[in-house]
Amino acid sequence: MTARDENGAAVAPGGATPYWPTPLAARIYASIGGLFVYVRAMAVFLVIWHLVSLWIGNPILLPSPIAAAEALVDLTRQGEVFSNVVASLTRLGTSFALAILLGVPLGFAMGLSRNVFAMVDPLIELLRPISGIAWIPLGMFILGVGEALPTAIMFYGAFFPIVINTVVGVRSVNPGLVQAARVLGVGRAHIVRHVIWPAALPNILVGARLGAGAGWMAMVAAELIGAPSGLGFAVEWYRELLMTPSVLAFVFLIGLLGYLFDRLLRWLQRVLTPWAQTQGGAL
Amino acid sequence: MNLALRLRPFVLPALLLILWQLAAMQAAPADRMPVPADVLATGWTLIASGELPLALLQSLQRVMLGFATSAALALVLGTAMAAYRPVGRNLDPIIESFRPIAPIALLPLAILWFGTGTPAAAFIVGYAAFFPMIVNTIHGVRSIDPGLIRAARTLGVGRLTILRTVVLPGALPNLFVGARLALGVAWTSIIAAELAVGAKAGGGASGGIGQMMFVFYAYSVDLSGIIVCMIGVGVVALLIDRGVRALEYWMIPWKR
Amino acid sequence: MEALDQAAPKIRLDGISKEYIVPRTGQRTLAIADVSLDIVQGEFLCIVGPSGCGKSTILNMIAGLAEPSAGTVAMDGAPIRAPGSERGVVFQDYALFPWKTVRENIEFGPRFRSDARLGAAERDKLVRHYIDLVSLTGAEHKYPHELSGGMRQRCAFARALANEPEVLLMDEPFAALDAQTRLILQEELLRIWGEDLPRAERKTVIFITHGIDEAVFLADRVAVMSNHPGRIKTVMDIDLPRPRRESLRATSEFQTLADEIWQLIRREAYEATIDRR
């Protein structure tokens, strides 16, 4: 007879020596390994950056990563990081919430009703190619330089991906599921609530992630051109002062906040739609 | 009844135009709010004088320059990352770290490094286009059915030939997805870059559609000019999108 | 000619084993244990066995796509280390290139292989010959997704043949087809293989299947495998006369051979259906 281990799998005649001690340990090793690779890759990148900055020898063109880190620490101590992050995050939160609150119901209406779709879709297709950024000059006229402009621009950038993905989500619900619910005698409202909504949710969340990405980019541009505060404004402000380390510190913060917001949405995807096949990993 | 159904698509755009007209008629003359007819007239002037097409072409040129450079880089790097695990593992953290940084945030750096001309704008465009391109290249190469590569190997085909005859066509649909996304963000970024260069460098002679919008905004205070530019931006975005789709349809006959 | 058979086998499997390490859990699993088998020139060998007995792994090792953990696989006395055009493979899912038409798929080997590529004129002649041989005339310019299952199988077969290999490896090539198509293609396979030719001029075929009837109908010899780990239980000679026709299936000799094999693997086949590992 063949030797078998506790899981019933056949084992080499030589003896049962599993490769890893246990599956759990294997997973822990793997994640430590991943962290190690990440740290090593970033360390190599920072060292190269440092060497290039030494070689260029001009701290205005390219300061060393150490100078940039010092600038970040200083700006944090002075509270300037805090005020700009709060300004940008407030706009992000307001406009993203508005885009979801208006975009998702509109997408549902368009997905469920042919009439609504036929009326609204042409307008969306007319406006969509005009990117949020192209609205900045007109926006500055109408709204002036201030809080409203970046919020409105980000809303505009986030709105279309959310509407379009909601429509796609509602429309791609397997008609067999709807029929199954109907032959069980379930009414229309409950079908929308318990069949269409969960079936469309993965697409809606992918749309939210796309919208957040596009909106964030548009908002940073709007802040850079026409706002008195925020991360985009700070980047440009310090460029004019030729304080490049501070520019880099704020560029880093823009990346960090964008990344964290995407992580938050990914976490929502996992929690709300654990069954989904498409999390839009390769957005 | 039938007529009503056919008119549905025009209801909202028409309503929008009427509202705009009414609002403009209500507004004080000092607001310089144009009526739709003004925009049409301005549009005609700008097209007839060749200013608008020239500005759009200038911007498009920068987009193509930045896109071509970064697409070539992303193609090579992405294929290497997908095909060789060590390369992928080590470069992935760096790419993922830079991806969330909005391209426009780098504009101040680009101005520092390259000045306010084409190179700075092309840098921003290239940076913006790089990420959709590389992510989709990696995804495309990884999603190729390994059975096809095995089949080619059993036919005695060498590695480089497999790259050309199996990997490239296998990844092509994803490459087109990447190109469409990349050109989309590239076109958006060029406008932001030109606008910001105009705004911050005090209307330098960099040209392009974003610059033109800025001049209308800051100097001639011409709202209908701005709106014409916006429509131009939208039309070009649409043309880019449809162009890539047409190319895709033509180059991927096996998916029709 | 006959002496050649006795002197040296075309393919020799000598004490091969294959061990897997399951990536996530780190479990070691022995898929194949100590398999030895000689296949002579011009022979049609079928390997049957329950699912998961390592049939396909053996085929992959002969193809050069996998390496044994122990033992050697050799062709004409030389160890096999990599895939090569002298060994053609027909895959279970066909592995046709979706972006190539029937014609382009069939000419893929002669056109792109590393050694002895053919020019356009030669290729054209070759491809036309094989398209006719597998009765795909008229479908040359279709893409794989436009073909029926049977036509895809014909195309995959022609692609392997057009590379003119000495040994043809077939990995459950008819598994995905409906029963009627399968019967028709079995007979055609024998016709194309060249039942009437002298042995030295036939291709050597190694054919993996889990269909016992299929194996008896096609093979000169049937190697019966067992599970956990995969071993060769018996090699049975199938001394049925060639050329074989549909009517052969009804004879008592055929039924006896098929039943004999079924009895050998029945228990394990049953266990495989309730496998709880």
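Residues numbered from 1 in each chain as written. Chains lettered and ligands numbered in written order. Predicted model: local features only at pLDDT ≥ 70, side-chain atom pairs only at ≥ 80, totals over all residues. Heavy atoms only, no water.

1. With respect to the overall build of chain A
Secondary structure assignment for chain A yields 10 helices and zero strands. N-terminal to C-terminal, the α/β element order of chain A is α-α-α-α-α-α-α-α-α-α. Here chain A holds 283 residues, and 45% of them are scored as buried. Residue pairs in contact within chain A that sit at least 24 positions apart in sequence constitute 70% of those at least 6 positions apart. (Helix = DSSP H or I, 4+ residues; strand = E, 2+ residues; numbered from the N terminus. Buried < 20%, exposed > 50% of the residue type's maximum accessible area, 1.4 Å probe, protein only. Contact = heavy atoms within 4.5 Å.)

2. Some points on the UniProt feature "transmembrane region" (unreviewed entry) in chain A
All names here are of chain A. Here the UniProt feature "transmembrane region" (unreviewed entry) sits at residues 35–56, 92–114, 126–146, 152–174, 195–222 and 242–261. Summarising residues 195–222: 100% helix, 0% strand, and an end-to-end C-alpha distance of 40 Å. Here residues 242–261 is 90% helix and 0% strand, with 30 Å between the C-alpha atoms at its ends. (UniProt positions renumbered as here; feature names shortened; annotations may be inferred.)

3. Thoughts on the domain arrangement of chain A
Residue and element names in this part refer to chain A. The domains assigned to chain A are domain 1 (1–57) and domain 2 (65–272). Every contact between the two is made by four residues of domain 1 and, on the other side, four residues of domain 2. Taken together, the two surfaces of domain 1 and domain 2 that pack against each other cover about 310 Å², and 87% of this comes from carbon and sulfur. Taken together, the connections running from domain 1 to domain 2 amount to zero salt bridges. Connecting domain 1 to domain 2 are zero residue pairs in polar contact (both at pLDDT 80 or more). Among the residues forming the side of domain 1 that touches domain 2, the class breakdown is two nonpolar, two polar and no charged. (Domains from an automatic or database assignment. Buried area = accessible area lost by both parts, 1.4 Å probe. Salt bridge = Lys/Arg side-chain N within 4 Å of Asp/Glu carboxyl O. Polar contact = N/O pair within 3.5 Å; in protein donor to acceptor, adjacent residues only side chain to side chain. Nonpolar A, V, L, I, M, F, W, Y, C, P; charged D, E, K, R; others polar.)

4. Quick word on the interface of chain C and chain B
Listed per partner, the contact involves 26 residues of chain C and 20 residues of chain B. For the pairing of chain C and chain B, the buried interface totals around 2,000 Å² over both sides, and the portion due to carbon and sulfur atoms is 66%. Area buried by chain C at its contact with chain B is led by Leu-65, Trp-99 and Phe-112 of chain C, which between them contribute 30% of it. The tally of links between chain C and chain B comes to zero salt bridges. Applying the counting rule to chain C against chain B returns seven residue pairs in polar contact (both at pLDDT 80 or more). Of all the elements in the fold, those that place two or more residues in the side of chain C that touches chain B are α2 (55–63), β6 (87–90) and α4 (108–112) of chain C. Of all the elements, α4 of chain C adds the most residues to the side of chain C that touches chain B, at three residues. Class assignment of the residues belonging to the side of chain C that touches chain B gives a composition of 13 nonpolar, eight polar and five charged.

5. Side note on the environment of Ile-58 of chain C
Residue and element names in this part refer to chain C. Tracing the sequence through the fold places Ile-58 in helix α2. The exposure class assigned to Ile-58 is buried, which follows from its relative accessible area of 1%. For Ile-58 and Ile-208, which are 150 residues apart along the polypeptide, the C-alpha to C-alpha distance reads 9.4 Å. The contacts of Ile-58, once residues within four sequence positions are left out, are Leu-13, Ile-32, Val-35, Ile-47 and Met-225.

6. Points about the sheet that holds strand β7 (residues 167–171) of chain C
All names here are of chain C. The mixed open sheet is built from six strands, whose spatial order is β6-β7-β8-β3-β9-β10. Looking at the sheet topology across the chains shown, the edges are occupied by β6 and β10 (231–237). The mean inter-strand angle of the sheet, taken between neighbouring strand axes irrespective of direction, is 20°. Looking at chain direction, strand β3 (residues 44–48) and strand β8 (residues 204–209) are connected through five bridges and run parallel. Its bridge partner lying in β8, Val-48 is registered against Thr-209. Against the sheet, helix α9 (residues 252–273) contacts β3, β9 (221–226) and β10, and its axis sits at roughly 170° relative to β10. (Pairing = 2+ DSSP bridges. Axes fitted to C-alpha atoms, helices over the stretch in contact; angles between N-to-C directions.)

7. Quick word on the packing of helix α9 (residues 231–240) of chain A against helix α5 (residues 107–114) of chain B
Helix-helix packing is described using two parameters, namely the angle between the two axes and the distance between the axes. Two elements in contact, α9 of chain A and α5 of chain B, have axes separated by 9 Å at closest approach and are oriented at 25°. It follows from the interaxial angle that α9 of chain A and α5 of chain B lie roughly parallel. Across from Val-235, Glu-236 and Arg-239 of chain A in α9 of chain A, the residues of α5 of chain B making contact are Pro-108, Ile-111 and Leu-112 of chain B. For the contact of α9 of chain A with α5 of chain B, the class distribution of residues is four nonpolar, no polar and two charged. (Parallel < 35°, antiparallel > 145°, perpendicular 65-115°, else oblique.)

8. Some details on the interface of chain A and chain B
Contact with chain A, which involves 52 residues of that partner, is made by 48 residues of chain B. Carbon and sulfur atoms supply 78% of the area buried between chain A and chain B, which totals about 4,500 Å² over both sides. Run the count over chain A and chain B and you get zero salt bridges. The interface formed by chain A and chain B holds four residue pairs in polar contact (both at pLDDT 80 or more) in total. Looking at the side of chain A that touches chain B element by element, the count peaks at nine residues for helix α10 (residues 244–272) of chain A. The residue inventory of the side of chain A that touches chain B, partitioned by class, reads 39 nonpolar, seven polar and six charged.

9. Quick word on the confidence of the model for chain A
Residue and element names in this part refer to chain A. Residues of chain A with pLDDT of at least 70 account for 88%, and the chain-wide mean is 83. No element of chain A has a lower mean pLDDT than helix α1 (residues 23–56), which averages 82, and none a higher one than helix α3 (residues 80–112), which averages 93. Considering only residues more than four positions removed or in separate chains, one finds that residues 1–21, a stretch of pLDDT under 50, has 36 contacts. (pLDDT = per-residue confidence, 0-100.)

10. Topic: the sheet that holds strand β2 (residues 28–39) of chain C
All names here are of chain C. Spatially, the four strands line up as an open sheet ordered β2-β1-β4-β5, and their pairing is antiparallel. Because the sheet does not close on itself, it has two edges, and the strands there are β2 and β5 (78–79). Sheet topology places strand β1 (residues 11–21) next to β2; eight bridges connect them, and they run antiparallel. The residue of β2 that forms the bridge with Tyr-20 is Thr-29. Together, β1, β2 and β4 (70–75) form the strand contacts of α2, whose direction differs from that of β1 by roughly 120°.

11. A closer look at the UniProt feature "domain: ABC transmembrane type-1" (unreviewed entry) in chain A
The UniProt feature table records "domain: ABC transmembrane type-1" (unreviewed entry) at residues 85–265 of chain A. Annotated as 85% helix and 0% strand, the span residues 85–265 of chain A places its first and last C-alpha atoms 19 Å apart.

12. Focus on helix α6 (residues 149–162) of chain C
Residues and elements named next belong to chain C. Taking 1.5 Å of rise per residue, 14 residues should cover 20 Å, and α6 covers 20 Å from first to last C-alpha, within 8% of that figure. Within α6, the full set of buried residues consists of Gly-150, Gln-153, Arg-154, Cys-155, Ala-156, Phe-157, Ala-158, Arg-159, Ala-160, Leu-161 and Ala-162. Just past α6, the residue Glu-164 takes up positive phi, approximately 50°. (Expected span 1.5 Å × (residues − 1).)

13. Observations regarding the pattern of salt bridges
Under the defined criterion, the tally for this structure stands at 31 salt bridges over all chains. When the shortest N-O distance is used, the salt bridge between Glu-125 of chain A and Arg-128 of chain A registers 3.5 Å. Overall, the relative accessible area of 29% leaves Glu-125 of chain A in the partly exposed class. Via salt bridges that share partners, Arg-103, Glu-107, Arg-111, Arg-123, Asp-124 and Arg-128 of chain C belong to a single interconnected network.

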